[in-house]
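In case you want the letters, here they are:
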Amino acid sequence: MERLKRRRDFLRAARGRKWAAPGLVLQAWRRDDDDGPRVGFTVTKRIGNAPRRNRVRRRLREAARLVMPECAHNGFDYVVIGRRDTLARDFDGLKEDFKLALSVVHKPRGPARNASSPGTRQQ
RNA sequence: CCAGUUGGCCGGAUGGCCGCUGCCCGGUGCCUGCUUGCAGGUUUCGGGGAGAGGAAAGUCCGGGCUCCAUGGAAACACGGUGCCGGGUAAUGCCCGGCGGGGGCGACCCCAGGGAAAGUGCCACAGAAAGCAAACCGCCGGGGGCUUUGGCCACCGGUAAGGGUGAAAGGGUGCGGUAAGAGCGCACCGCGAACCUGGUGACAGGGUCGGCACGGUAAACCCCACCGGGAGCAAAACCGAAUAGGGGUGGCGCGAAGCCUUCGGGCUUCAGGCCGGUUUCCAGGCCGCCGCCCGGGUUGGUUGCAUGAGGCGUCCGGUAACGGGCGCCCUAGAUGAAUGGUCAUCGCGUCUGCUCGCGCAGGCGUACAGAACCCGGCUUACAGGCCAACUGGCACA
RNA sequence: GCGGGCGUAGCUCAGGGGUAGAGCGCAACCUUGCCAAGGUUGAAGUCGUGAGUUCGAAUCUCAUCGCCCGCU
C-alpha cells in the first residue's frame, strides 16, 4: 500500500469527504486515475507527547493494513487522523470504525454539505 | 528491629498469530555493461541474525566534524567565568582540600576575587544612615526663681543608659571619673609586619597597634582568565531543470600600454571590498554601496556510526582519572522502522477467608521515543535491588 | 537545528529594589417618572512555580512550567 508523503496530497484529501468515528477520522479524495489506493496518517501534537503519538499512529497503521485490502477502493487517497480516544478504543472496535468510515466515504455524492455531520454524535 | 545519610544498579518476563526497517546467504524475473558467464542495479520468495533511553527529553555548558578563501599580532567593544590544588580533548563539569553555615551524628549546603580606585543606593522610623554628630538623658559651672524638695533657661563636658531601625563608629568584665570614654588592664574580635607549617587557599604562634576601616559588586564598576561566526536542513558528489540575471538611485569610471567590428575588451599600477570595530603583516576578490523585481530545484548517494567506544583484569593514584593486557562490534529511520493483538506469569497495593503457610477477587505497573556524534549539567520517573556508614531500642 | 519575547485584578496593560496601580468591566448608592449617560463609594491579586542574593524581591540571579514569534 503506497503512502502519502506530500503536503499537497494531505491538503487535497482534506477537501474530500469526511467521516468521524469514535476511534478515528477518515478523509477521502477520488483521484482521476484508477491506480491502487493510497493512505496517509495525521497525528497532531494535541494528541499527546511523542510516545503517545507513536502508539496512535502504529495502531492506525495496523488497522489500515488489516482492513484496507478488502474494503478500500482503487483511485482513492485516504487520510486517517488520530484522536485522543484512539488509544482507549479496543482494537476490534477500531477496525469496525475504519470499515464503517470507508463505506460512508465511498458513497457517491449524497447531501454534500452534511457529509461530516454524523461525526458529531461522539461528543 | 526502627529511623536516617551517602554511593551504585535495575527500569518487567515468556509464548502464539500477523507485520515493519537495515544487514548477510540462497533462488527467481527484468535492465545495463562487456572479457559470453560474470559484474552491477532492481523486483519478488525463502532462511539466518539485529533493531530506542537512563534520561533518547530540556538545549544550559564543553568539544569533534563541515563550511564561511585563510592565518597571525595588538587594542577596544561585547559575552561568560570567579577560594586553592589536581583531572580532562575541553568546560561553567568532576575529584581532593581550605574558609563559612546547618545537623546529636553519618553527612549536607555555599556565584566563595576586590568595598583604603571611583560613583550610586540604604525607603519608613529615628536626633543622626556615613561624616561624624547629639533628641531624651547623665555630670560640672556661674545666674534667676523657690513652698528648701527642687525648677528654669544659659555655657561647657560626655556618649554609659533610653528609644528607632536590618544596620547607630568594636564586645564582656574590672579599674577609673564630676559624669563618662580603649582613658588603663584582662579575654575575645579587628588590623599590621614577623616567625613556623603547607605547592597553595589557609592554619598556628607570640609581638605591636589602641579601634581607624557599616552594608550592598546576583548596583555601575575594577582586576584576572576564557571566547571568531554559523550549524549535518553543515557540506560534497551524481542526475534533472533553469539561469549565468533585470530595473533603479548615489558614488566612481584615474594613469600607461596593447587590440578593436569603435560598442568596448585585455594587462599593470592606483583604487575599492573581504572577521563585531580599528590598526599592521601575509593573502584573496574586482566596479562599489542601497532598494526593488524575476527564474530553477524540493530526487539519489556520501556525510552516517570504530568511537576522547564498551566489558573484564592488573598496576599507579586518597580520589577524579591515567597506563598495560585480553575480549567484543552493539539501531540507522527520513510524512520518519524498532510494532499490533491475544494469553500466561511476575511485582506492588487493597479487600475477604485463614492461627499461619497460603487462596480468591479488584486496582495499579512509571517518566518517556534515537534523527551527525561524543563529554557533562538540569529536569521527569511506578516499583525494586545492593553496599558502606550514622542515631535509637532490645538481646548476648 | 538555531535564536528572541511574554506570563501582574474578569479583560487590556503600567510599574525595573521600599505600602501593588490605571482604563474597561462588576457591585452598592446618588441623580431620573423610568432607562442610558454622569457622580460617589466599594470588592476583587499565591505578581506562572520553586530556590537564592538583599534588612527588604512583582522588580536582580538561577532553575522550571506554559504560551507566542522569527530564521534555516
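Please refer to the structure placed before this passage.
Basis of the calculations
Residues numbered from 1 in each chain as written. Chains lettered and ligands numbered in written order. Predicted model: local features only at pLDDT ≥ 70, side-chain atom pairs only at ≥ 80, totals over all residues. Heavy atoms only, no water. Buried < 20%, exposed > 50% of the residue type's maximum accessible area, 1.4 Å probe, protein only. Helix = DSSP H or I, 4+ residues; strand = E, 2+ residues; numbered from the N terminus. Pairing = 2+ DSSP bridges. Right-handed = clockwise from strand over helix to strand, strands pointing away. Salt bridge = Lys/Arg side-chain N within 4 Å of Asp/Glu carboxyl O.

*Asks:* Give a detailed account of the pairing of strand 5 (residues 76–82), specifying residues and quantitative values.
*Replies:* Counted residue by residue, strand 5 has six buried out of seven residues, so it is predominantly covered. As defined by bridge partners, strand 3 (residues 24–30) adjoins strand 5 across seven bridges and the pair is classed as antiparallel. Across the sheet, Arg30 pairs through a bridge with Phe76, a residue of strand 5. As paired strands, strand 4 (residues 38–42) and strand 5 are joined by five bridges and run parallel to one another. By the bridge assignment for strand 5, Gly40 is matched with Val79. With helix 2 (residues 50–71) bridging strand 4 and the parallel strand 5, this β-α-β connection has left-handed handedness.

*Asks:* With reference to specific residues and values, describe the pattern of salt bridges.
*Replies:* One pass over the full model with this rule turns up ten salt bridges. Linking Asp9 and Arg12 is a salt bridge whose minimum nitrogen-to-oxygen distance equals 3.9 Å. One end of the pair, Asp9, and the other, Arg12, are both in helix 1 (residues 7–14), three residues apart, so they sit about a helical turn from each other. Salt bridges sharing partners connect three or more residues here, namely Asp9, Arg12, Arg31, Arg38 and Asp77.

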